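Structural overview for review
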Amino acid sequence: MSLAKTYLLAYNAVLIVGWAYVLALTAQTSLASGPRAVYAAIETPLLYAQTAAVLEVVHAALGIARSPVLVTAMQVSSRLMVVWGVLVLAPPARVASFHVAGPLEIGVPSLMFAWGITEV
């Protein structure tokens, strides 16, 4: 196995573990303390996992991953805008939710479940 493939395998393994941790913390906190407590519980691992995705753009640019650079950059930057531009810079967004029906609300837990399931 080449050095690049070994590196990508290690990189992806670390991110899978990180996202699995975010997903597990989201579920545990949602059940134990409610949706408003989720961001406080997942903030640090979320910031690391999502910010590490910048390396995906680097991988595409260097050609070690077969991904289009522009598409990868758009996807990563959109997630970074949500995390750093909304959740970090606008603290009320961390606990905001949109009531859908019955007990169903859309907020940070929904976002973490969507991203976590996609990444794991």
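Above: the structure in question.
Figured I'd write up the structure that's included with this text. (Residues numbered from 1 in each chain as written. Predicted model: local features only at pLDDT ≥ 70, side-chain atom pairs only at ≥ 80, totals over all residues. Heavy atoms only, no water.)

**A short note on the side chain of Thr 72**
- Within the secondary structure, Thr 72 sits in helix H4 (residues 69–88).
- Taking the relative accessible area as the measure of exposure, Thr 72 reaches 9% and is therefore buried.
- In this structure the side chain of Thr 72 is engaged in a polar contact, spanning 2.8 Å, whose partner is the backbone oxygen of Pro 68.
- Apart from residues lying up to four places away in sequence, Thr 72 is in contact with Glu 56, Val 57, Ala 60 and Ser 67. (Helix = DSSP H or I, 4+ residues; strand = E, 2+ residues; numbered from the N terminus. Buried < 20%, exposed > 50% of the residue type's maximum accessible area, 1.4 Å probe, protein only. Polar contact = N/O pair within 3.5 Å; in protein donor to acceptor, adjacent residues only side chain to side chain. Contact = heavy atoms within 4.5 Å.)

**Regarding the packing of aromatic side chains**
- Counting across every chain of the model gives two aromatic pairs.
- Here the aromatic rings of Tyr 7 and Tyr 11 are separated by 6.2 Å at their centres, their planes lie at 25 degrees, and the arrangement is stacked. Taken together, the residues span about one helical turn, with Tyr 7 and Tyr 11 both in helix H1 (residues 3–33) at a distance of four residues.
- For Tyr 11, a relative accessible area of 9% gives the class buried.
- Between the aromatic rings of Trp 19 and Trp 115, the centroid separation amounts to 6.3 Å while the plane-to-plane angle is 85 degrees, which identifies the pairing as edge-to-face. Placement of the pair is Trp 19 in helix H1 and Trp 115 in helix H5 (residues 108–119), with a sequence separation of 96 residues. In this structure, Trp 19 and Trp 115 share a single accessibility class: buried. (Phe/Tyr/Trp six-rings, centres within 6.5 Å; stacked < 30°, edge-to-face > 60°.)

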